[in-house]
Amino acid sequence: MDSGIYLEKHNGVGYIMINRPKANCYEINFMKEMISCIHGAENHQDIKVIVLKSALEKFFSAGADIKVFQANSVEQNKILVTHAQKVATLLSESPKVTIAAINGHALGGGLELAMACDIRLGSDKPYLLGLPEIKLGLIPGNGGSQRLIRLINRTRALELLLTGDTFDGQEAYELGLFSQLYPKDEFDTAVTAYAEKLAKGPAQAMSAIKKCVNQGIELSLKEGLALEDQLVDPLYDSEDAKEGLRSFLERRDPQFK
């Protein structure tokens, strides 16, 4: 079955494109192909940044395909959730920087997919975001509750989880869920420029920073400082560090590998 997920590469950026009309809803094949694309991007040495992007005009992703979910057995749905959780873990723990480019509705598992990424970029056109699982008598099952409380104010996160209410891109930006909010007509160009700028950076150091932040936030300050010390040591003698120092002294832009 064609899941509508594919990987494109441009200038050091791997774009995982989601194209499953009408709403990029996911089922088991969607998640299997997503896993394959993430592995493909990670194994490609020229890719430093991974961007999740929708090929649809109105949706980033509306989450699980409710018709499929309802028709599945409980066991089948557990397998689907396990695959969705694996995708989220791969995105959050990837040594490469992961970005969600949100230019349409991101609901339920779709928002959970975006929150698993390191950075979220949004457009200012009208669309909705939210975790409406409570309205189905459920709670988020792909990390939504735990990631939301780590990304925005705890009280507001709790409120959104309890009510299932939606919010727009402007509020997502104000809450800190979006790092940038671009005009809709400039969104694609802005996302490309943002991702390609990061892709010019030193891959080993960027990976170390990601690990410092994601692991360090769960540690005491003392443990976090020890982690930072552990991760910076191998960088001192790296080719990228040598190039960085050399370019600084030569007053030119660094050409990292």
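Colleague: Please give an account of the overall build of the chain that cites residues and values.
Modeller: In terms of regular secondary structure, the chain is built from 11 helices and nine strands. A compact globule built from 257 residues would reach a C-alpha radius of gyration of about 18 Å, and the chain, at 19 Å, matches this within 12%. By principal-axis analysis of the C-alpha atoms, the chain measures approximately 60 × 40 × 35 Å. For the chain, with 257 residues in total, the buried portion stands at 44%. Of the contacts formed within the chain by residues at least 6 apart in sequence, a portion of 69% connects residues at least 24 apart. Summing over all exposed atoms, the chain offers an accessible surface of approximately 14000 Å²; the carbon and sulfur share of this is 54%. Of the charged side chains in the chain, 29 are positive and 34 negative; the average position of the first set lies 1 Å away from that of the second.

Colleague: Could you give an account of helix α5 (residues 144-151), with specific residues and numbers?
Modeller: Residues G144, R147 and L148 constitute the buried set of α5. Buried positions in α5, seen along its axis, are confined to an arc of 100° and lie on one side of it. Each element contacted by the buried residues of α5 is listed here: α3 (74-93), α4 (109-115) and α6 (154-163).

Colleague: Tell me what's going on with the environment of I38, and back it up with residues and numbers.
Modeller: Residue placement: I38 occurs in helix α1 (residues 28-42). Among the residues examined, I38 registers a relative accessible area of 0% and is labelled buried. Sequence spacing of I38 and A199 is 161 residues, and the spatial spacing of their C-alpha atoms is 16 Å. The contacts of I38, once residues within four sequence positions are left out, are I16, V87, L90 and L91.

Colleague: Residues and numbers for the sheet that holds strand β4 (residues 59-61), please.
Modeller: Across the sheet, three strands lie side by side as β4-β6-β8; this open sheet has parallel pairing. Two strands in the sheet have a free side with no partner beyond their single neighbour: β4 and β8 (129-130). In the sheet, strand β6 (residues 105-107) pairs with β8 via two bridges, with the strands oriented parallel. Among the inter-strand pairings, A106 is bridged to a residue of β8, identified as L129.

Colleague: Residues and numbers for the packing of α1 against α3, please.
Modeller: Contact geometry for α1 and α3: axes closest at 9 Å, N-to-C directions at 20°. The angle between the axes of α1 and α3 places the two elements in the roughly parallel class. Where α1 crosses over α3, the two elements pack in a sense that is left-handed. Along its contact with α1, which presents I28, M31, K32, M34, I35, I38, H39 and E42, the element α3 presents I79, L80, H83, A84, K86, V87, L90 and L91. Among the residues forming the contact of α1 with α3, the class breakdown is 11 nonpolar, two polar and three charged.

Colleague: Explain the state of the cysteines to me, and be specific about the residues and the numbers.
Modeller: Applying the stated criterion across every chain, the model contains zero disulfides. Cysteine C117 remains unbridged, with the sulfur of C37 as its closest cysteine sulfur at 13 Å. Owing to a relative accessible area of 4%, C117 belongs among the buried residues under this scheme.

Colleague: Before we move on, could you go through the nonpolar core and cite the residues and values that matter?
Modeller: Note that soluble globular proteins tend to have their nonpolar side chains buried in a common cluster. Among the nonpolar cores identified, the biggest contains 43 residues, and M34, I102 and L129 are the most heavily contacted of them. Where this core is concerned, the elements lending two or more residues are β2 (13-18), α1, β3 (49-54), α3, β5 (97-102), α4 and α6. Here this core gets seven residues from one element, more than from any other, and that element is α1. Here L129 is in contact with I102, A106, L107, L111, D165, T166, F167, D168, G169, A172 and F178, once residues within four sequence places are set aside. Counting 17 residues, the second-largest nonpolar core is a separate cluster that includes M17, F187, A195 and M206.

Colleague: Could you give an account of the pairing of β2, with specific residues and numbers?
Modeller: Of all six residues making up β2, six are buried, and the element is well covered by its neighbours. The side-chain alternation of β2 yields two buried faces, one formed by V13, Y15 and M17 and the other by G14, I16 and I18. Relative to β2, strand β1 (residues 5-10) runs antiparallel, the two sharing six bridges. When the sheet's bridge partners are listed, H10 is paired in β2 with V13.

Colleague: Describe empty space enclosed by the protein, naming the residues involved and giving the relevant values.
Modeller: One pass over the full model with this rule turns up two cavities of 30 Å³ or more. Its volume calculated, the largest cavity comes out at about 40 Å³. Listed by contribution, the elements that provide at least two residues to the lining of the largest cavity are α3 and α4. Here the lining of the largest cavity is built from residues that sort into five nonpolar, two polar and one charged. In this structure, the second largest cavity encloses a volume near 30 Å³. Around the second largest cavity, the lining residues are L111, G130, L131, L148, L160, L161, D165 and F167. For the lining of the second largest cavity, the residue count by class is six nonpolar, one polar and one charged.

About the cut-offs
Residues numbered from 1 in each chain as written. Predicted model: local features only at pLDDT ≥ 70, side-chain atom pairs only at ≥ 80, totals over all residues. Heavy atoms only, no water. Helix = DSSP H or I, 4+ residues; strand = E, 2+ residues; numbered from the N terminus. Rg over C-alpha atoms; globule rule 2.2 N^0.38 Å. Buried < 20%, exposed > 50% of the residue type's maximum accessible area, 1.4 Å probe, protein only. Contact = heavy atoms within 4.5 Å. Areas by Shrake-Rupley, 256 points an atom, 1.4 Å probe, with all protein chains shown as cover. Lys, Arg positive; Asp, Glu negative; His and termini not counted. Charge placed at Lys NZ, Arg CZ, Asp CG, Glu CD. Arc of directions from axis to C-beta. Pairing = 2+ DSSP bridges. Axes fitted to C-alpha atoms, helices over the stretch in contact; angles between N-to-C directions. Parallel < 35°, antiparallel > 145°, perpendicular 65-115°, else oblique. Left-handed = near helix turned anticlockwise from the far one by under 90°. Nonpolar A, V, L, I, M, F, W, Y, C, P; charged D, E, K, R; others polar. Disulfide = S-S within 2.5 Å. Core = buried A, V, L, I, M, F, W, Y, C linked by side-chain atoms within 4.5 Å. 1 Å grid on protein atoms, 1.4 Å probe; cavity = no way out; pocket = protein on both sides within 12 Å on 5 of 7 lines; lining within 4 Å. Points joined across faces, edges and corners; volume = space filled by probe spheres on them.

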